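Reading the structure
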Amino acid sequence: MPTPKAPSLATLTHLSNALSAFRLTTPTPTTSTLTTIRHASHQAQGRANGAKDGAGKRLGAKKTGGEYVIPGNILFKQRGTHWFPGDNCFMGRDHTIHAGLPGYVRYYRDPLRHPKRKYIGIVFEKEQVLPQPPHAARRRMLGMLAYQAPTPPTPEPTSPSSIPSSKARDANSVTLPPTKRNPTGLHLELSQGYQYRQTNFEIGLSGDRKEEHALLRGKTTRAFADYKKGDRFAAWRKRALRVARGRERGVMGRGGKKGGKKATN
């Protein structure tokens, strides 16, 4: 066998350059660890989160002690049980206390029932108090409705120097005494809006009544004293005169120094 020849120096140099180029093009494997960073989803500053100044919830007492209520009226709105329902009251699911029966509101404590709780109840009479004494007779409505008793009319003063008060003829009408402005007095009726006012019939007659009292004193309240009621011809003449005067004022007001519109015949 022939003995192998050693490679030449040029061959070794060429192989060395080829290996160097191969090392530069092939990336060396590196071991990397995956790391994750969790950033804040929102800043922790109150100013950055927006103003925390929402609208008020209108909590608190809606009816005062002694006020007349009807079933279903809201007595107290609260968050939690600061007040508890007492006699003739009930609590809603949002802790709102409502009136269960018509009557008068009472805020009270009942040490025998609970030493620390505060209650809201309803009584049927304005002089009744809560809590009731132990073993007292239970008050029941027995199908009757509680209502506000009408206030008795005040007696008319007898002194001539004092101002006379109004006289109530019945529950739905009131008559006021005569005055200088209303010499015949005023008769007021209770309207649907729970207000006392004159009826349309009374308002229509008030002008004639004032004129009658003025004629008795030798005076008149009318702008046209010579006008006779029912004289339509006189009314037409006055209307024509009024229209002519207005037209004349309009013509005189046109066409000044600024050269406005001139009147056309």
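Residues numbered from 1 in each chain as written. Predicted model: local features only at pLDDT ≥ 70, side-chain atom pairs only at ≥ 80, totals over all residues. Heavy atoms only, no water.

**Points about the pattern of salt bridges**
Oppositely charged side chains can pair when the atoms bearing their charge come close. Our working rule: The rule for a salt bridge is simple: a side-chain nitrogen of Lys or Arg has to be within 4 Å of a carboxyl oxygen of Asp or Glu. Here a helix means four or more residues in a row that DSSP labels H or I, a strand means two or more in a row labelled E, and each is numbered from the N terminus. When a residue's accessible area, from a 1.4 Å probe over protein chains only, is under 20% of the maximum for its type it is buried; when over 50% it is exposed; and in between it is partly exposed.
Summed over all chains, the structure comprises 4 salt bridges. For Glu 125, the salt bridge goes to Arg 139, with nearest N and O atoms at 3.5 Å. Taken together, the residues span a long stretch of sequence, with Glu 125 in the loop between strand E8 (118–123) and strand E9 (167–170) and Arg 139 in the loop between E8 and E9 at a distance of 14 residues. Residues Glu 202 and Arg 209 are paired through a salt bridge, measuring 3.1 Å at the closest nitrogen-oxygen approach. Of the residues examined, Glu 202 reaches a relative accessible area of 15% and is grouped as buried. In this structure Arg 209 comes out as partly exposed when scored by relative accessible area, which is 30%.

**Regarding the sheet that holds strand E2 (residues 68–69)**
To be explicit about the condition: For two strands to pair, DSSP has to find at least two bridges joining them.
Sheet architecture is open: 4 strands sit in the order E2-E7-E8-E4, paired in mixed fashion. Of all strands in the sheet, those bounded by a partner on one side alone are E2 and strand E4 (84–85). Relative to strand E7 (residues 103–109), E2 runs antiparallel, the two sharing 2 bridges. Following the sheet pairing, Val 69 is matched in E7 by Gly 103.

**Things to note about the packing of aromatic side chains**
The relative placement of two aromatic rings is captured by the distance of their centres and the angle of their planes. The following threshold applies: Aromatic contacts are taken between Phe, Tyr and Trp rings whose centres are within 6.5 Å, Trp giving its six-membered ring; a plane angle under 30 degrees counts as stacked, one over 60 as edge-to-face, and the others as tilted.
The tally for this structure, following the rule as stated, stands at 5 aromatic pairs. Measuring from ring centre to ring centre gives 5.9 Å for Phe 76 and Trp 83, while their planes differ by 45 degrees; the resulting arrangement is tilted. Seen from their ring centres, Trp 83 and Tyr 107 are 5.2 Å apart, and the 80 degrees between their planes marks the pair as edge-to-face. Of this pair, Trp 83 sits in the loop between strand E3 (74–77) and E4 while Tyr 107 is found in strand E7, placing the two residues 24 residues apart along the sequence.

**Some points on a positive patch on the surface**
Definition in use: Every patch collects residues that have over 30% relative accessible area and no salt bridge, joining them within 9 Å if they carry like charges and within 5 Å if they are nonpolar side chains (Val, Leu, Ile, Met, Phe, Trp, Tyr). Only the protein chains shown count as cover for residues, and the accessible areas themselves come from Shrake-Rupley with a 1.4 Å probe. The charge count treats Lys and Arg as positive and Asp and Glu as negative. His and the chain ends do not count. To locate a charge, the coordinates of NZ of Lys, CZ of Arg, CG of Asp or CD of Glu are taken.
Residues Lys 57, Arg 58, Lys 62 and Arg 79 make up a contiguous surface patch of positive charge. Relative to the elements of secondary structure, Arg 79 occurs in the loop between E3 and E4.

**Details of the sheet that holds strand E6 (residues 97–99)**
In spatial order, the strands read E1-E3-E6-E5; together these 4 strands make up an open sheet with antiparallel pairing. Two strands lie at the open edges of the sheet, namely strand E1 (60–61) and strand E5 (89–91), each paired on one side alone. Judged from the 3 bridges that link them, E5 and E6 form a sheet pairing that is antiparallel. Bridging across to E6, Phe 90 finds its partner in His 98.

**A look at unusual backbone geometry**
The omega angle of the peptide bond from Leu 130 to Pro 131 is 0 degrees, so this bond is cis rather than trans. Unlike most non-glycine residues, Asn 88 shows phi in positive territory, near 65 degrees. Tracing the backbone through its elements, the reader meets Asn 88 in the loop between E4 and E5. For Asn 88, a relative accessible area of 28% corresponds to the partly exposed category. A positive phi angle is found at His 135, which is not glycine, with a value near 65 degrees. With respect to the helices and strands, His 135 occurs in the loop between E8 and E9.

**Structural notes on the nonpolar core**
Buried together is how nonpolar side chains tend to be arranged in soluble globular proteins. The following threshold applies: Each nonpolar core is a collection of buried residues, namely Ala, Val, Leu, Ile, Met, Phe, Trp, Tyr and Cys, held together in the definition by side-chain atoms within 4.5 Å.
By size, the foremost hydrophobic cluster in this structure holds 10 residues: Val 69, Leu 75, Phe 76, Trp 83, Cys 89, Ile 97, Ala 99, Val 105, Ile 120 and Ile 122. Contributing elements (two or more residues each) for this core: E3, E6 and E8. Formed by 6 residues, the second largest nonpolar core is a distinct cluster that contains Phe 84, Tyr 104, Tyr 119 and Leu 130.

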